[in-house]
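Architecture at a glance
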Amino acid sequence: MTIEESAPPGVDISHPSVARVYDHMLGGKDNFAVDRQAGEMALQITPDGPAAARVNRLFLRRVVRHLVEEAGIRQFLDLGSGLPTQGNVHEIAHQFDPTARVIYVDHDPMVLAHSQALLTDTETTAVVQADVREPAELLAHPEVRRFIDFDEPVGLLLMAILHHVGDDEDPAGIAATFRKSLASGSYLAISHFHNPGAEHPEAAAKAVEVERVFNQTMGTGRWRTRAEILSYFGDFTLLAPGVVPLAEWRPEGTIDSGQTDTYYTFVGGLARKP
Ligand SMILES: C[S@@+](CC[C@H](N)C(=O)[O-])C[C@H]1O[C@@H](n2cnc3c(N)ncnc32)[C@H](O)[C@@H]1O
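- By the naming in an unreviewed UniProt entry, the protein chain goes by SAM-dependent methyltransferase and is assigned to Natronosporangium hydrolyticum.

Rendered as structure tokens:
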């Protein structure tokens, strides 16, 4: 049976999906020809897309590890969680505390189907299909309420998701609603496509070009300014080193040379609610 024939019900294989294109970048198998074509178009502009996706997953890993090991976070809300891959949030968290609870949220039906198949420990992990652009509904979802105690600190992960929320869909308002729902001592992690502007003009030009391709193929993707990305953290206190290229956020090994196409165009940070 080909992957096309095994598409779960409700999955549209005539248009690329963000989750499946990203899966292709990560070398996964949960994608279709239409996704691979969209991915290849972006790779013509930024050939190191797969490396960028891996760097993002490593950033996620370091953040979750820090939150469980150093910050004592025991419950995670992973929004726009993506298709299961190597090093899912619950797998990282459970290396340090097997009782940590993780709820995955994504609007893509393929993510729901594949995550449900993977998640066997229903005590500590769950997956919900919901849209981050409707934060009040998402936060009121019974499964989210069952899993997350909003009176206790939460690790809220907005990894590579807000750049798929258009300017006209109020990403700042959405981020603010999620921040407000969290108890003091909670953390917010964000990774986001970045347009570095005059600081790195070559990277900025590529950001504009690849943004055009993303919108043409997937109808989404915004490379935002540093100020815009910083605003999503609101009044939370950013942990050092702040919002930086992903590879520079508390690296565990030596930092890459910095010369890749996407080095300055994918940034992230972690902040704590006072
Ligand atoms: C690039 S992937 C990132 C996956 C994972 N967070 C990571 O950083 O590795 C973005 C994910 O966000 C999901 N997504 C995009 N827009 C969404 C929305 N409005 N509501 C919920 N999920 C969304 C996509 O389906 C996709 O799985």
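There is more to say after this.
**Digging into the site of the ligand**
- Within the structure, the ligand sits among 18 residues, and Tyr 22, Arg 57, Gly 80, Asp 106 and Asp 131 are positioned closest to it.
- Within the backbone of Val 132, one N or O atom sits 3.0 Å away from a nitrogen atom of the ligand.
- Within the side chain of Arg 133, an N or O atom sits 3.3 Å from a nitrogen atom of the ligand.
- Here the ligand loses 97% of its free accessible area of 600 Å² to cover by the protein chains.
- Of all the secondary structure elements, the ones that give two or more residues to the shell around the ligand are α1 (18–25) and α3 (49–69).
- Tallying contributions element by element places α1 first for the shell around the ligand, with three residues.
- Here the shell around the ligand is composed, by residue class, of eight nonpolar, five polar and five charged.

**Comments concerning the nonpolar core**
- Val 63, Val 64, Leu 67, Phe 76, Val 89, Leu 157 and Leu 270 are the most contacted members of the largest nonpolar core, which totals 40 residues.
- The greatest single-element share of this core, amounting to seven residues, is contributed by α3.
- Core analysis: the second largest hydrophobic core is formed by 33 residues, Val 128, Phe 150, Leu 156 and Phe 236 among them.

**So, the side chain of His 90**
- Along the chain, the position of His 90 falls in helix α4 (residues 89–96).
- Beyond its immediate stretch of four places on either side in the chain, His 90 contacts Val 102, Tyr 104, Leu 118, Leu 119 and Thr 125.

The rules we used
- Residues numbered from 1 in each chain as written.
- Predicted model: local features only at pLDDT ≥ 70, side-chain atom pairs only at ≥ 80, totals over all residues.
- Heavy atoms only, no water.
- Near = heavy atom within 4 Å.
- Polar contact = N/O pair within 3.5 Å; in protein donor to acceptor, adjacent residues only side chain to side chain.
- Areas by Shrake-Rupley, 256 points an atom, 1.4 Å probe, with all protein chains shown as cover.
- Helix = DSSP H or I, 4+ residues; strand = E, 2+ residues; numbered from the N terminus.
- Nonpolar A, V, L, I, M, F, W, Y, C, P; charged D, E, K, R; others polar.
- Core = buried A, V, L, I, M, F, W, Y, C linked by side-chain atoms within 4.5 Å.
- Buried < 20%, exposed > 50% of the residue type's maximum accessible area, 1.4 Å probe, protein only.
- Contact = heavy atoms within 4.5 Å.

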